Amino acid sequence: MSRMHRGPLLSAGVMLGVGLGGFVDGILLHQLLQWHNMLSSHLPPDTLVNAKVNMFWDGLFHAFTWLMTFSGLVLLWRAGLRSDVPWSTRTFAGCLLGGWGLFNVVEGLIDHQLLGVHHVRTGPSQTAWDVGFLFFGLALLLAGGALIRAGREDVIPRGGVIAP
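Residues numbered from 1 in each chain as written. Predicted model: local features only at pLDDT ≥ 70, side-chain atom pairs only at ≥ 80, totals over all residues. Heavy atoms only, no water.

Things to note about the packing of helix H3 (residues 89-114) against helix H4 (residues 126-150)
Then step 1. Contact geometry for H3 and H4: axes closest at 7 Å, N-to-C directions at 155°. Between H3 and H4, the angle falls in the class roughly antiparallel. At the point where H3 passes H4, the crossing takes the left-handed sense.
Then step 2. Looking at side-chain class alone, the contact of H3 with H4 contains 17 nonpolar, ten polar and three charged residues. (Axes fitted to C-alpha atoms, helices over the stretch in contact; angles between N-to-C directions. Helix = DSSP H or I, 4+ residues; strand = E, 2+ residues; numbered from the N terminus. Parallel < 35°, antiparallel > 145°, perpendicular 65-115°, else oblique. Left-handed = near helix turned anticlockwise from the far one by under 90°. Nonpolar A, V, L, I, M, F, W, Y, C, P; charged D, E, K, R; others polar.)

Following this line, the structure appears as structure tokens:
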């Protein structure tokens, strides 16, 4: 049996997880719940000008998440063309969760803590919301890592045929 390469599936899954996790954040927290915008701690969207500036930066954020998702799809397509890549649901699902967790941790540390450009939900409990966001990201990373480790046993390549 030739050597299996998990890297292409890992890369695709993490990239897709980052992009899709960003979309969950942007669609749910920015648009549907309207808890924050990208710059809402510095420019509260309480005037038309501030709302427009926030909308522009939210658009850049969504463009980033779209590019991450598109890149993940390209990587997944390429991985699917390779016969030496084990097609593992556990590995892929773990990477999706891990990518989403990575997004939450990086975004939470940089935007919420370091730069303070916005918080998950502004108000008297904003620190609790920010910490909860980080812990949710860590839980996603841990769950994703567990699935990726479990997927190490999956060695059947795409199509279910073991290469000679």
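Looking at the nonpolar core
Nonpolar side chains in soluble globular proteins tend to end up buried together.
Then step 1. Ranked by size, the top nonpolar core spans seven residues in total: Val18, Met38, Leu39, Phe61, Met68, Phe103 and Val117.
Then step 2. Those residues in contact with Met38 that sit more than four places away from it in its chain are His30, Asn54, Trp57, Asp58, Phe61, Asp111, Val117 and His118.
Then step 3. The next biggest cluster of nonpolar side chains, apart from the first, holds six residues, and it includes Leu9, Ala12, Leu16 and Val85. (Core = buried A, V, L, I, M, F, W, Y, C linked by side-chain atoms within 4.5 Å. Buried < 20%, exposed > 50% of the residue type's maximum accessible area, 1.4 Å probe, protein only. Contact = heavy atoms within 4.5 Å.)

Digging into the UniProt feature "transmembrane region" (unreviewed entry) in the protein
Then step 1. Look at the UniProt record and you will see "transmembrane region" (unreviewed entry) annotated at residues 12-33, 60-79, 91-110 and 130-148.
Then step 2. Taken end to end, residues 60-79 is 100% helix and 0% strand, and its first and last C-alpha atoms sit 28 Å apart.
Then step 3. Counting secondary structure, residues 130-148 comes out at 100% helix and 0% strand; the distance between its end C-alpha atoms is 27 Å. (UniProt positions renumbered as here; feature names shortened; annotations may be inferred.)

Some points on the side chain of Ser88
Then step 1. Note that Ser88 resides in the loop between helix H2 (48-80) and H3.
Then step 2. Among the polar contacts made by the side chain of Ser88, one reaches the main-chain amide nitrogen of Thr91 at a distance of 3.0 Å.
Then step 3. If we skip the residues at most four places from it in the chain, Ser88 touches Leu9, Gly151 and Asp154. (Polar contact = N/O pair within 3.5 Å; in protein donor to acceptor, adjacent residues only side chain to side chain.)

Regarding the pattern of salt bridges
Then step 1. With the rule as written, the count across this model stands at three salt bridges.
Then step 2. Salt-bridge contacts for Arg82 lead to Asp84; the nearest nitrogen and oxygen are separated by 2.8 Å.
Then step 3. A relative accessible area of 16% means that Asp84 is categorised as buried.
Then step 4. Taken together, the salt bridges that share partners define one network made up of Arg90, Glu153 and Asp154. (Salt bridge = Lys/Arg side-chain N within 4 Å of Asp/Glu carboxyl O.)

Here's the deal with the packing of aromatic side chains
Then step 1. Considering all chains together, one arrives at five aromatic pairs under this definition.
Then step 2. Seen from their ring centres, Trp35 and Trp129 are 4.7 Å apart, and the 65° between their planes marks the pair as edge-to-face. Residue Trp35 is found in the loop between helix H1 (7-32) and H2, and its partner Trp129 is found in helix H4; the two are separated by 94 residues along the sequence.
Then step 3. Judged by relative accessible area, which is 36%, Trp129 ranks as partly exposed.
Then step 4. On the numbers, 5.5 Å between centres and 85° between planes, the contact of Trp100 with Phe136 is edge-to-face. (Phe/Tyr/Trp six-rings, centres within 6.5 Å; stacked < 30°, edge-to-face > 60°.)

What about a nonpolar patch on the surface?
Then step 1. Taken together, the side chains of Leu102, Val106, Leu109, Ile110, Leu114, Leu115, Val131, Phe135, Leu138 and Leu141 present a nonpolar region at the surface, about 870 Å² in accessible area.
Then step 2. Elements with a minimum of two residues in the nonpolar patch: H3 and H4.
Then step 3. Broken down by element, the residue count for the nonpolar patch peaks at five residues, all from H3.
Then step 4. By relative accessible area, which is 35% here, Val131 ends up partly exposed. (Patch = residues over 30% accessible without salt bridge, like charges linked within 9 Å, V, L, I, M, F, W, Y side chains within 5 Å. Areas by Shrake-Rupley, 256 points an atom, 1.4 Å probe, with all protein chains shown as cover.)

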